[in-house]
Amino acid sequence: MERAGSFPTVRPRRLRTTPAMRRMVAEHRVHPADLILPAFVREGVGEPVPIATMPGVVQHSLDSLRKAAGEAAEAGVAGIMLFGVPEEEKKDAVGSPGTDPDGILQRGLRAVRAETGDALVVMSDLCLDEVTDHGHCGVLDARGEVDNDATLARYAEMALVQAEAGAQVLGPSGMMDGQVGHVRAALDAAGHRDVSLLAYTVKYASAFYGPFREAVNSSLTGDRKAYQQDPPNAREALRELALDLAEGADLVMVKPGLPYLDILRQIADASPVPVAAYQISGEYAMVEAAAERGWLDRERAIEETLTSFKRAGADLVLTYWATEFARRWGRDGR
Ligand code: PBG
């Protein structure tokens, strides 16, 4: 039978015919060594406390944190990023638990280092929002606005305390101007030359942080729009990248992930240092909530979102599914 015209002459579908064929030609795949597990450790609890807005994620006790870190290492996850949740009455205007050598984050760091040694890269959040009674990422001036330069002095003190507690990578996440250079200088002056900085280079003021607020018992009432980036803007992401590189960032991050894949691609193309994407609490919660209702296939959705970060150019992904995904990877032998 004669066909009208002679198309198709080229058949891209041939490379999609079988699972083995698709696997062979897959351009991107997620490996456990690409993943970093964000984890919360809460002061004064003997048992892990579930986080209602992030089903499956908990505020760890020191014991359960150690266990989770061991499991992540066992599964082949690359690193862990710790967030501390102090007792409510310890929070104050300057975030004192952040510079207390016995503050919960520092205790968590020591516990994880003791448990996993060098098997897991141990990272800590370098920010004031978890430890201040007003919940902002910095200290406030007389008008109640976040004071950039006074905040840098606090970050420098926190950096030393975290480094002394065993953090190998610090994640300055407050979006203060000059934070990377200021913290780098303080670390170097104290002899912590090998402690790396994972700069939150691009961080947008996002609604998708919502569930995280419960995860850290946030005291924030307003918003962070005066220091985090405005969602409509792309150009300033490259400006932030140039600044962080000049200030000595060892790794850079884009956050949130899914709503900013275009930005991730631009940063990945321009960055000479490794690039991380943070799949944040709201991204996690959306998938979990929809899956709970049976509206999408949970495991496929997780893998598809993680793969999208790799395809957009990320070297590393921070995800609350890190251990689960790494275990499945081992089982399915991707
Ligand atoms: C600030 C910080 C936040 C997150 C990580 N670091 C909250 C914010 O900027 O409001 C959010 C992470 C997530 O939503 O999963 N210390």
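Let us look at the structure shown here. Please read all numbers here as calculations on a predicted model, not as lab measurements.

### What about empty space enclosed by the protein?
Item 1. The tally for this structure, following the rule as stated, stands at 2 cavities of 30 Å³ or more.
Item 2. Empty space within the largest cavity amounts to approximately 130 Å³.
Item 3. As for the largest cavity, its lining consists of 18 residues, and the residues nearest its centre are Asp129, Lys203, Tyr209, Phe212 and Lys255.
Item 4. When residues of the lining of the largest cavity are traced back to their parent elements, those giving at least two are β7 (196-203) and α6 (210-215).
Item 5. Considered class by class, the residues forming the lining of the largest cavity number 8 nonpolar, 3 polar and 7 charged.
Item 6. Taken together, Gly84, Val85, Pro86, Pro97, Gly98, Ile104, Leu105, Asp125, Cys127, Glu130, Val131 and Met158 form the lining of the second largest cavity.
Item 7. Taken together, the elements giving at least two residues each to the lining of the second largest cavity come down to β4 (79-85) and α3 (104-116).
Item 8. Partitioned by chemical class, the residues of the lining of the second largest cavity number 8 nonpolar, 2 polar and 2 charged.

### Quick look at a positive patch on the surface
Item 1. Together, Arg11, Arg13, Arg14 and Arg16 make up a positively charged patch on the protein surface.
Item 2. Mapped onto the elements, Arg14 comes out in the segment before α1 (19-25).

### A look at unusual backbone geometry
Item 1. A cis amide bond, omega 5°, links Phe7 with the succeeding residue Pro8.
Item 2. Mapped onto the secondary structure, Pro8 falls in the segment before α1.
Item 3. The omega angle of the peptide bond from Lys255 to Pro256 is -5°, so this bond is cis rather than trans.
Item 4. Its location among the elements puts Pro256 in the loop between β8 (251-255) and α8 (261-270).
Item 5. For Met175, which is not glycine, the phi torsion reads 60° and is therefore positive.
Item 6. Tracing the backbone through its elements, the reader meets Met175 in the loop between β6 (169-172) and α5 (179-189).
Item 7. The phi torsion at Asn217 lies on the positive side, around 50°, for a residue other than glycine.
Item 8. Within the fold, Asn217 resides in the loop between α6 and α7 (235-246).
Item 9. Judged by its relative accessible area of 21%, Asn217 falls in the partly exposed class.

### Overview of the site of the ligand
Item 1. Around the ligand there are 17 residues in total, and Asp129, Lys203, Lys255, Ser281 and Tyr320 lie nearest to it.
Item 2. One of the side-chain nitrogen or oxygen atoms of Lys255 is found 3.1 Å away from a nitrogen atom of the ligand.
Item 3. Here Tyr320 contributes a side-chain N or O atom positioned 2.5 Å from an oxygen atom of the ligand.
Item 4. Judged by its atoms lying within 2 Å of the grid points, the ligand is housed in the largest cavity.

Conventions we followed
- Once a new chain begins, its residue numbering starts again from 1 and follows that chain's sequence as written.
- Totals for whole chains, interfaces and linings use all residues, but because this is a predicted model, local features are given only for residues with pLDDT of at least 70 and pairs of side-chain atoms are given and counted only at 80 or more.
- Side-chain metrics in this entry use all non-hydrogen atoms of the structure; hydrogen atoms and water are not considered.
- Two kinds of site are reported from a 1 Å grid over the protein atoms alone, namely cavities, where a 1.4 Å probe fits but cannot get out, and pockets, open sets with protein on both sides within 12 Å along at least five of seven lines, and residues are called lining when an atom falls within 4 Å of a point.
- Grid points are joined across faces, edges and corners, and a volume is the space filled by probe spheres set on the points.
- Numbering goes from the N terminus for both helices and strands, where a helix is a DSSP run of H or I of at least four residues and a strand is a run of E of at least two.
- Charged residues are taken to be Asp, Glu, Lys and Arg, nonpolar residues to be Ala, Val, Leu, Ile, Met, Phe, Trp, Tyr, Cys and Pro, and polar residues to be all remaining types, Gly included.
- Patch membership requires more than 30% relative accessible area and the absence of a salt bridge. Residues of like charge join within 9 Å; the nonpolar side chains Val, Leu, Ile, Met, Phe, Trp and Tyr join within 5 Å.
- All accessibility values rest on the Shrake-Rupley procedure with a 1.4 Å probe; residue burial counts only the protein chains present in the view.
- Salt bridges are defined by distance alone: a side-chain nitrogen of Lys or Arg within 4 Å of a carboxyl oxygen of Asp or Glu.
- Note on charges: Lys and Arg go in the positive column, Asp and Glu in the negative column, and His and the chain ends are not counted at all.
- Charge positions are represented by NZ for Lys, CZ for Arg, CG for Asp and CD for Glu.
- Exposed residues in this analysis have more than 50% of their type's maximum accessible area, buried residues have under 20%, and partly exposed residues fall in between, with area computed by a 1.4 Å probe over protein chains only.
- To be near a molecule or strand, a residue needs just one of its heavy atoms within 4 Å of it.
- Counted as a polar contact is a pair of N or O atoms within 3.5 Å, where, for protein atoms, one must be capable of donating a hydrogen and the other of accepting one, and residues adjacent in sequence contribute only when both atoms are in side chains.
- More than half of a molecule's atoms lying within 2 Å of a cavity's or pocket's grid points is what places that molecule inside it.

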